[in-house]
4 protein chains.
Amino acid sequence: MLLTADARGVFPIAPTPFFDDGSIDTASIDRLTDFYLDIGATGITVLGQLGEAPKLEHEESVAVARRMIQRAAQLPVVVGVSAPGFAAMRALTHEVMAAGAAGVMIAPPNTLRTDDQIVGYYRQAVAAIGADVPFVLQDYPLTFSVQMSPGVIRRIVGELPSCVMLKHEDWPGLEKISTLRGYERDGSMRHVAILCGNGGLFLDYEVERGADGANTGYAFPDMLCDVVRLATSGQREAAHDLFDAHLPLLRYEQQPGVGLAVRKYVLLRRGLLGSAAQRVPAAALTAAARAEVDHLLARLALRDPRAGLPPL
Amino acid sequence: MLLTADARGVFPIAPTPFFDDGSIDTASIDRLTDFYLDIGATGITVLGQLGEAPKLEHEESVAVARRMIQRAAQLPVVVGVSAPGFAAMRALTHEVMAAGAAGVMIAPPNTLRTDDQIVGYYRQAVAAIGADVPFVLQDYPLTFSVQMSPGVIRRIVGELPSCVMLKHEDWPGLEKISTLRGYERDGSMRHVAILCGNGGLFLDYEVERGADGANTGYAFPDMLCDVVRLATSGQREAAHDLFDAHLPLLRYEQQPGVGLAVRKYVLLRRGLLGSAAQRVPAAALTAAARAEVDHLLARLALRDPRAGLPPL
Amino acid sequence: MLLTADARGVFPIAPTPFFDDGSIDTASIDRLTDFYLDIGATGITVLGQLGEAPKLEHEESVAVARRMIQRAAQLPVVVGVSAPGFAAMRALTHEVMAAGAAGVMIAPPNTLRTDDQIVGYYRQAVAAIGADVPFVLQDYPLTFSVQMSPGVIRRIVGELPSCVMLKHEDWPGLEKISTLRGYERDGSMRHVAILCGNGGLFLDYEVERGADGANTGYAFPDMLCDVVRLATSGQREAAHDLFDAHLPLLRYEQQPGVGLAVRKYVLLRRGLLGSAAQRVPAAALTAAARAEVDHLLARLALRDPRAGLPPL
Amino acid sequence: MLLTADARGVFPIAPTPFFDDGSIDTASIDRLTDFYLDIGATGITVLGQLGEAPKLEHEESVAVARRMIQRAAQLPVVVGVSAPGFAAMRALTHEVMAAGAAGVMIAPPNTLRTDDQIVGYYRQAVAAIGADVPFVLQDYPLTFSVQMSPGVIRRIVGELPSCVMLKHEDWPGLEKISTLRGYERDGSMRHVAILCGNGGLFLDYEVERGADGANTGYAFPDMLCDVVRLATSGQREAAHDLFDAHLPLLRYEQQPGVGLAVRKYVLLRRGLLGSAAQRVPAAALTAAARAEVDHLLARLALRDPRAGLPPL
């Protein structure tokens, strides 16, 4: 089962669960996977930026991906393979594709500047991993400092048939979605799936602009699934109501650096992770921050009962 | 009336009003100023980054600042004087201080990297403008790419007595506020006012962490005033309720680049500006974006009647 | 006399002479100008990055440019007008063009990333200054962090007829010259003058690749004139011999930050400046560095008698 | 044999030799190693930035390092272990130390900005690799965009006893050497070896400022050895004469991006590499560039017979 340009819905970005001692918590991988299946996710992405991919050794990365692929048999699993060199990218790609991954996700190195450099990088990446491996183009300037204009994305999609999906997390990015969908309508670009990241901060309007769904790691992916379902079934205000209820927490979780600690803490409180541990380097959650998250959850529970969680 | 470290409350960042032809709209300056006085603002900041300061000629800058200073006689007015060189910074500072400004705000040039470079820059800036001019230290890494650790801020506050206020817009920044207030408690740093920017995106918890208020340009500064008032008078949940009601719009307005167009459009709809025009370079609001803002306002009006605005 | 695409030879980048107290040294401006005329310079550029332009107030900038324009009556004088906003850029351009400048030089703001952003910026700059003002496109990624691919330069030249010259200081840049000259040969780009900067570090091969000369501030512009003359009159090895003799000093002067101090010190030793003073912020020359420059000059004097200078 | 703070002389940065098909050329590794031994190198660094380290798979990296370590039995071999995460850094470190490496070299990730971030990164790196592994601190802001003030280096040296050497390639960096040596003299910092990189562009004065030698990859490391020997044995002008003779080629080789292609081409012409091939991404040498290098070599041969090389 390979990823195609028809992907839609929600592909949660899976965190990598660790025990407090830093070793990998396989039971939590299974629990997360089952949860994603349960809530109606249409795919899963592992080993993304917030999956702490650079903190894993090669064999660990393969093991984490393989475990999730096998457990989520019905769902396409995309594996992040971004690496500082093409040798490592190729090696990881080949192993995870052999293990049944649906495709890979590639972020640009933060040294790229010009349009030609960006297009050239993806051309070389495809040469390295093979043109038969579907890939997700990750457009996240806030983190990677690489700015892709709509025209550059169109060039990449045009040149590289194995580009089937855009993980859209430009900010601002609403007009970019409209522009890309306009390219499809005027025939200058073939269709690719657009799933949105950036913590989900603009998901409410992104789906209205033409995005196919979400590809992000917010600790309530069930809300993301609901919002996409409501928005695409004509229940616009209900979608916004639910989204707005989550926005205070979502915004808090989307803080650079500390965001992953928030996310893992909430997933711990939800019983989906056995520990909120990260491998170093990790931003820790202070007592004040933990109290703020608890407060946000308590307020959210007034509007979404799924946030009504027992204390730790 | 000079700015002191006891500043608190809300200093709205005033936009610079233009007519559609790009000339300065003095009547709107007056209307904005009166509005700020009316809603309980405790100060005003003009010619900030989102005041389109770099798009004004020197004489225009002085004229805009002078107009607002005279109209807001009861309130301290801080003037942004950031410039690529100290000659221009000194010239503008001297003119606006002579006109009655309460102090100036200085952002770091985006080439600064090391702690010593940052401290050295502010040392030179003070030498240029004079040690008798109170200044606001602007800490906004998202826009200026300059990262100031709490220790650097402490060094600046320690070395430069004319530093009386921090415009805090680091992101994430909650722990930074706690750290700086901790420095005050342990006696290693004197007190300075901390007013928060970054569009107000974390104002709800920033005041709980010890910030003295807000210094940002959100199009409902009356909400900012209310939230600070509620939060500092023990009405915590009411503060959060009001803040959360505004968060969907606030988040939308805080988008880099396009945010100022959103802000000016809302201020136009509120009758505070005569036009939403910006000088070039300006990100325009598409019809789709305008419809989204209208939708956000309509939803907000259900919870805050001030957002119930007549159509244009 | 307006700058045209036929410019060639050497346009020295003039430093701005200051007295030790920071005021402008007009006599040294005159002396420098006469020297440039004397050595066969074909133009002059004032108020460039290393002319300390951002340290001057507006009136000072106009005065410096006017003085040099009047003194160098026979030569085209290009004025750097880079500014953080178009209002200041337009104001300075209009004043210096009225005073007889041949054109202006515009560097990109260091926030530009994508090809479209770069082209759009120059489009807006031309709209601001007027399409009748010839301008020099400054391509200096090391300092401005903006990377212009050859295709972007071609787009700018194609869209904006008033772009008549490229100040080329990319690094590496030899292939860029070849590519641009190739565009001219294949008819996809009209001819523009290419004068090279970057301290002259690759001038020896740049002229062989098709550059029209130099546009830089090395303290021996007479050497630059000689090298261009020798290289373009078939005396290749003589050009390299002279260039190589200067390379140890030239390389030393081209150090970021401290380079201008070296340059001004050498110009002081040559009797062309009355003082090596810079306005703040300025990197000072330590005693060790001064001794190194003296040593470099002494060694150079063995091969080029112009470096045989009396001690201060 | 572990690296200590007493290191001095020249540690050439070894390129990784490839066959034209991209596989590793072991015979050329041996030939290079023997050459380094022969010319008086006092150590070797492998898998640096210009050793194309990110293009190797983990097993290849270990194999290349092991081969060189075994062949260079008398010399300390330092291995570059910079990686995007500590897991990979630790794994490679443990394997190469077990294979007999003398220490490792660690470059900072290009996201570090504040002094505390830089110190914190090295603290975590040492925690990852073990405090018993000597490491080289690589200070190369031009490539890594991380600026380390002298005070930051002093903090790292003070906190982390396993930091025994600074690979100094700041630019400008002469005053930094003087400052660090001053710290040693005033007792505020213990002695560490300082070997200079940056292509050797300022080696002539760096050794006079107190550097212990060179740690760079210029294609004539025999020249580097001679210059260090001459400079440290009182033959100052002879050192400069030799250095200056090489400067035109050295400067050409030091171009970002294309420099490695120049270096490998010269090493091929010297018979030390069997091929100039790089793995992708690689900047190719055009015919024009090759002719320029040939020209530089021919001119150099007039002053240093080692550059008199047979044509390919």
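Scroll up to find the structure this text is about.
Now for a quick tour of the structure. (Residues numbered from 1 in each chain as written. Chains lettered and ligands numbered in written order. Predicted model: local features only at pLDDT ≥ 70, side-chain atom pairs only at ≥ 80, totals over all residues. Heavy atoms only, no water.)

With respect to the interface of chain A and chain B
Here is the rule: Throughout, a contact is declared for two residues whenever any of their heavy atoms are within 4.5 Å. Buried surface area refers to the total accessible area, computed with a probe of radius 1.4 Å, that the two partners give up upon joining, counted for both partners together. The term salt bridge refers to a side-chain nitrogen of Lys or Arg lying within 4 Å of a carboxyl oxygen of Asp or Glu. Helix numbering and strand numbering both begin at the N terminus, where a helix is a DSSP run of H or I of at least 4 residues and a strand a DSSP run of E of at least 2. Polar here means any residue other than Ala, Val, Leu, Ile, Met, Phe, Trp, Tyr, Cys and Pro, which are nonpolar, and Asp, Glu, Lys and Arg, which are charged; Gly is therefore polar.
Each partner contributes to the interface: chain A provides 33 residues, whereas chain B provides 33 residues. In this assembly, chain A packs against chain B so that about 3,000 Å² is buried in total across both faces, 56% of it on carbon and sulfur atoms. Summed over the shared surface of chain A and chain B, the result is ten salt bridges. As a salt-bridge pair, A:Glu292 and B:Arg209 come within 2.7 Å of each other at their nearest N and O atoms. The set of elements that each furnish at least two residues to the side of chain A that touches chain B consists of helix 7 (174-185), helix 8 (203-209), helix 10 (236-253) and helix 12 (287-301) of chain A. Ranked by residues supplied to the side of chain A that touches chain B, first place goes to helix 10 of chain A with ten residues. The residue inventory of the side of chain A that touches chain B, partitioned by class, reads 16 nonpolar, six polar and eleven charged.

Details of the interface of chain A and chain C
This is how it is decided: Polar contacts, as used here, are pairs of N or O atoms within 3.5 Å; protein pairs need one atom able to donate a hydrogen and one able to accept it. Residues neighboring in sequence count only if both atoms are side-chain atoms.
Chain A puts seven residues into the contact, and the matching count from chain C is seven residues. Around 810 Å² of area is buried between chain A and chain C when both sides are counted, 46% of it from carbon and sulfur atoms. For the chain A face of the interface with chain C, the top three residues by lost area are A:Arg113, A:Thr114 and A:Gln147, together amounting to 61%. If you look at where chain A meets chain C, you find zero salt bridges. On inspection of chain A and its partner chain C, the count reaches three residue pairs in polar contact (both at pLDDT 80 or more). Of the residues in the side of chain A that touches chain C, the class split is no nonpolar, four polar and three charged.

Quick notes on the relation of the copies chain A and chain B
Rule in force here: Least squares is used to superpose the copies, and the fit set is the C-alpha atoms of residues whose pLDDT is at least 70 in both copies.
Expressed as a screw operation, the relation of chain A to chain B combines 0.0 Å of axial shift with a rotation of 180°, fitting to an RMSD of 0.0 Å. Put plainly, the chains are arranged around a two-fold axis. The position closest to the rotation axis in chain A is occupied by the C-alpha of A:Leu247, lying 3.7 Å away. Mapped onto chain B, 100% of the interface residues of chain A again fall at the interface, so both copies present the same surface.

Comments concerning a negative patch on the surface
Spelled out, the test is: The residues that make up patches have over 30% relative accessible area and no salt bridge, and they are joined within 9 Å when like-charged or within 5 Å when they are Val, Leu, Ile, Met, Phe, Trp or Tyr. Accessible areas in this description were obtained via Shrake-Rupley with a 1.4 Å probe; residue shielding takes into account the shown protein chains only. A residue counts as positive if it is Lys or Arg and as negative if it is Asp or Glu; His and the chain ends are not included. In plain terms, the charge of a residue is placed at NZ if it is Lys, CZ if Arg, CG if Asp and CD if Glu.
On the surface, A:Glu59, A:Glu95, D:Glu59 and D:Glu95 cluster together to form a negatively charged patch. Secondary-structure assignment places D:Glu95 in helix 3 (residues 86-98).

Thoughts on the sheet that holds strand 8 (residues 213-214) of chain A
Residues and elements named next belong to chain A. Stated formally: The rule for pairing is simple: two strands pair if DSSP sees at least two bridges between them. Axis lines are fitted to C-alpha atoms, over the contacting stretch for helices. Their N-to-C directions set the angle, which ranges from 0 to 180 degrees.
Taking strand neighbours across the sheet as the criterion, the eight strands line up as 1-8-7-6-5-4-3-2 in an open arrangement whose pairing is parallel. The sheet is open, and its two edges are formed by strand 1 (9-10) and strand 2 (44-46), each paired on a single side. For strand 5 (residues 135-139) and strand 6 (residues 163-168), the ladder comprises five bridges, and the chain directions are parallel. Of the residues in strand 6, the one forming a bridge with Phe 135 is Cys 163. Relative to the sheet, helix 3 (residues 86-98) contacts strand 3 (77-80) and strand 4 (103-106), its axis offset from that of strand 4 by approximately 155°. Its contacts with the sheet put helix 6 (residues 150-159) on strand 5 and strand 6, and the angle it makes with strand 5 is roughly 170°.

Quick look at helix 2 (residues 58-71) of chain B
All names here are of chain B. What counts here: Helices are assigned an expected span. That span is 1.5 Å times one less than the residue count. Note on exposure labels: buried denotes an accessible area under 20% of the residue type's maximum, exposed denotes more than 50%, and partly exposed covers the range between, all computed with a 1.4 Å probe on protein chains only. Note that the arc is defined by the directions from the helix axis to the C-beta atoms.
For helix 2, which comprises 14 residues, the first-to-last C-alpha distance of 20 Å matches the rise-based estimate of 20 Å (1.5 Å per residue) to within 8%. For helix 2, every residue scored as buried is listed here: Ser 61, Val 62, Val 64, Ala 65, Met 68 and Ile 69. The buried residues of helix 2 occupy an angular sector of 165° when the element is viewed end-on, so they sit on one face. The secondary structure elements touched by the buried residues of helix 2 are helix 1 (26-39), strand 2 (44-46), strand 3 (77-80) and helix 3 (86-98).

Observations concerning the pattern of salt bridges
Enumeration according to the criterion identifies 108 salt bridges over all chains in this entry. A salt bridge links D:Arg299 to C:Asp244; the shortest N-O distance between them is 3.0 Å. Taken as a pair, D:Arg299 in helix 12 (residues 287-301) and C:Asp244 in helix 10 (residues 236-253) lie in two separate chains rather than in one. Notably, a salt bridge pairs D:Glu175 with D:Arg209, separated by 3.0 Å at the nearest N-O pair. Here D:Arg209 lies in helix 8 (residues 203-209) and D:Glu175 lies in helix 7 (residues 174-185), a separation of 34 residues in the sequence. Relative accessible area serves as the criterion here: at 31%, D:Glu175 is assigned to the partly exposed category.

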